[in-house]
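Chain by chain, the residues run as shown.
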Amino acid sequence: WLDTFLLSRVGTEMLTSQYIACSQAGLDAATRPRRGGIVDHQCDPAIICDRAATHVRKLCKSHYKMEQELEIIIESGVSCEISGGRVRFPYVPQYLFYILV
(Lines give C-alpha, C1' and ligand atoms only; values in the text may rest on other atoms or scores of the structure.)
Protein backbone atom coordinates (compact mmCIF):
# COMPACT_ATOMS: atom_id res chain seq x y z
CA TRP A 1 0.00 0.00 0.00
CA LEU A 2 2.74 2.47 0.97
CA ASP A 3 4.70 1.84 -2.24
CA THR A 4 1.62 2.60 -4.36
CA PHE A 5 0.90 5.71 -2.32
CA LEU A 6 4.47 7.04 -2.68
CA LEU A 7 4.55 6.36 -6.42
CA SER A 8 1.25 8.21 -6.81
CA ARG A 9 2.58 11.11 -4.74
CA VAL A 10 5.81 11.38 -6.74
CA GLY A 11 3.93 11.10 -10.04
CA THR A 12 1.43 13.79 -9.08
CA GLU A 13 4.18 16.10 -7.82
CA MET A 14 6.20 15.58 -11.02
CA LEU A 15 3.25 16.36 -13.28
CA THR A 16 2.32 19.43 -11.26
CA SER A 17 5.90 20.72 -11.24
CA GLN A 18 6.20 20.15 -15.00
CA TYR A 19 2.95 22.02 -15.68
CA ILE A 20 3.98 24.99 -13.52
CA ALA A 21 7.47 25.10 -15.04
CA CYS A 22 6.10 24.98 -18.59
CA SER A 23 3.50 27.67 -17.90
CA GLN A 24 6.26 29.96 -16.57
CA ALA A 25 8.78 29.02 -19.28
CA GLY A 26 8.53 32.37 -21.05
CA LEU A 27 9.50 34.26 -17.90
CA ASP A 28 12.91 32.65 -17.35
CA ALA A 29 13.78 31.21 -20.76
CA ALA A 30 17.01 33.24 -20.95
CA THR A 31 18.30 31.92 -17.62
CA ARG A 32 17.44 28.25 -18.23
CA PRO A 33 17.90 27.48 -21.94
CA ARG A 34 18.75 23.79 -21.35
CA ARG A 35 15.47 23.02 -19.65
CA GLY A 36 12.10 21.88 -20.91
CA GLY A 37 9.96 22.38 -17.84
CA ILE A 38 11.64 20.45 -15.01
CA VAL A 39 13.56 18.20 -17.43
CA ASP A 40 17.18 19.19 -17.95
CA HIS A 41 18.09 18.09 -21.48
CA GLN A 42 21.80 18.14 -20.63
CA CYS A 43 21.66 16.66 -17.10
CA ASP A 44 25.17 15.89 -15.87
CA PRO A 45 25.00 13.01 -13.36
CA ALA A 46 28.53 13.77 -12.07
CA ILE A 47 27.41 17.19 -10.83
CA ILE A 48 24.29 15.69 -9.22
CA CYS A 49 26.41 12.96 -7.57
CA ASP A 50 28.77 15.59 -6.19
CA ARG A 51 25.87 17.59 -4.76
CA ALA A 52 24.34 14.44 -3.24
CA ALA A 53 27.70 13.44 -1.71
CA THR A 54 28.09 16.91 -0.18
CA HIS A 55 24.57 16.72 1.23
CA VAL A 56 25.14 13.24 2.69
CA ARG A 57 28.44 14.37 4.19
CA LYS A 58 26.63 17.25 5.95
CA LEU A 59 23.87 14.90 7.18
CA CYS A 60 26.42 12.43 8.58
CA LYS A 61 28.29 15.22 10.32
CA SER A 62 25.18 16.75 11.90
CA HIS A 63 23.42 13.50 12.90
CA TYR A 64 26.26 11.10 13.66
CA LYS A 65 29.18 13.48 14.31
CA MET A 66 31.16 11.59 11.66
CA GLU A 67 33.00 13.14 8.77
CA GLN A 68 33.93 10.91 5.87
CA GLU A 69 35.46 11.88 2.54
CA LEU A 70 33.79 10.42 -0.52
CA GLU A 71 35.44 9.85 -3.86
CA ILE A 72 33.21 9.81 -6.91
CA ILE A 73 34.55 7.76 -9.82
CA ILE A 74 32.68 7.94 -13.11
CA GLU A 75 33.08 5.10 -15.57
CA SER A 76 31.42 5.39 -18.92
CA GLY A 77 31.50 3.75 -22.32
CA VAL A 78 31.10 7.17 -23.97
CA SER A 79 34.07 8.41 -25.95
CA CYS A 80 35.73 11.32 -24.16
CA GLU A 81 36.58 13.05 -27.44
CA ILE A 82 32.95 13.17 -28.55
CA SER A 83 31.32 14.27 -25.30
CA GLY A 84 34.15 16.23 -23.76
CA GLY A 85 34.51 13.53 -21.10
CA ARG A 86 31.06 14.14 -19.58
CA VAL A 87 28.01 11.93 -19.67
CA ARG A 88 24.82 13.93 -20.21
CA PHE A 89 21.25 12.81 -20.77
CA PRO A 90 17.72 14.22 -20.42
CA TYR A 91 16.46 13.71 -16.87
CA VAL A 92 14.90 15.52 -13.92
CA PRO A 93 17.87 16.51 -11.69
CA GLN A 94 15.71 16.84 -8.57
CA TYR A 95 14.64 13.19 -8.75
CA LEU A 96 18.13 11.94 -9.57
CA PHE A 97 19.28 13.75 -6.41
CA TYR A 98 16.50 12.08 -4.38
CA ILE A 99 17.50 8.65 -5.72
CA LEU A 100 21.13 9.15 -4.78
CA VAL A 101 20.51 10.56 -1.30
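For the structure itself, look to the data block above.
Just so it is clear, the structure is predicted and the values come from calculations on it, not from any experiment.

The bulk of non-glycine residues show a negative phi, and the bulk of peptide bonds are trans. Positive phi values are uncommon outside glycine, yet Lys65 reaches one of about 55°. With respect to the helices, strands and loops of the structure, Lys65 is situated in the loop between α2 (45–64) and α3 (80–83).

What follows covers the sheet that holds strand β3 (residues 89–91). With antiparallel pairing, the 3 strands of this open sheet are ordered in space as β1-β2-β3. Either end of the sheet is taken by a strand with one partner, and the two such strands are β1 (35–36) and β3. Of the pairings in the sheet, the one linking strand β2 (residues 39–43) to β3 comprises 2 bridges and is antiparallel in character. Looking at the pairing, Cys43 lines up with Phe89 of β3.

For any two aromatic rings, the description comes down to two numbers: the centre-to-centre distance and the angle of the planes. According to the stated counting rule, one finds 2 aromatic pairs in the structure shown. Ring centres of Phe89 and Tyr91 lie 6.0 Å apart, and the angle between their planes is 75°; this geometry places the pair in the edge-to-face category. Relative accessible area serves as the criterion here: at 33%, Tyr91 is assigned to the partly exposed category. Taken together, a centroid distance of 5.7 Å and an interplanar angle of 85° make the contact between Tyr95 and Tyr98 edge-to-face. Here Tyr95 pairs with Tyr98, and both are found in helix α4 (residues 93–100), just 3 residues apart, close to one helical turn.

Taken together, the side chains of Trp1, Leu2, Phe5 and Leu6 present a nonpolar region at the surface, about 520 Å² in accessible area. Secondary-structure assignment places Leu6 in helix α1 (residues 2–23).

For the rest of this paragraph, the subject is the environment of Leu96. Inspection of the secondary structure puts Leu96 in helix α4. Setting aside residues no more than four positions away along its own chain, Leu96 makes contact with Cys43, Pro45, Ile48 and Tyr91.

A separate point is the side chain of Asp40. The topology assignment puts Asp40 in strand β2. The buried category is assigned to Asp40, whose relative accessible area is 4%. When sequence neighbours within four positions are dropped, the list of residues in contact with Asp40 reads Arg34, Arg35, Phe89, Pro90, Tyr91 and Pro93.

Right, let's talk about the pattern of salt bridges for a bit. What the rule picks out here adds up to 2 salt bridges. As a salt-bridge pair, Asp44 and Arg88 come within 3.8 Å of each other at their nearest N and O atoms. You can see Asp44 sitting in the loop between β2 and α2 and its partner Arg88 sitting in the loop between α3 and β3, a full 44 residues away along the chain. Accessibility expressed as a relative area gives 37% for Arg88, which makes it partly exposed. Lys61 is the salt-bridge partner of Glu67, the closest N and O atoms lying 3.8 Å from each other. On the basis of relative accessible area, Lys61 is assigned to the partly exposed category, the value being 46%.

Scoring rules and cut-offs
- Residues numbered from 1 in each chain as written.
- Predicted model: local features only at pLDDT ≥ 70, side-chain atom pairs only at ≥ 80, totals over all residues.
- Heavy atoms only, no water.
- Helix = DSSP H or I, 4+ residues; strand = E, 2+ residues; numbered from the N terminus.
- Pairing = 2+ DSSP bridges.
- Phe/Tyr/Trp six-rings, centres within 6.5 Å; stacked < 30°, edge-to-face > 60°.
- Buried < 20%, exposed > 50% of the residue type's maximum accessible area, 1.4 Å probe, protein only.
- Patch = residues over 30% accessible without salt bridge, like charges linked within 9 Å, V, L, I, M, F, W, Y side chains within 5 Å.
- Areas by Shrake-Rupley, 256 points an atom, 1.4 Å probe, with all protein chains shown as cover.
- Salt bridge = Lys/Arg side-chain N within 4 Å of Asp/Glu carboxyl O.
- Contact = heavy atoms within 4.5 Å.

The analysis is restricted to geometry; functional conclusions fall outside its scope.
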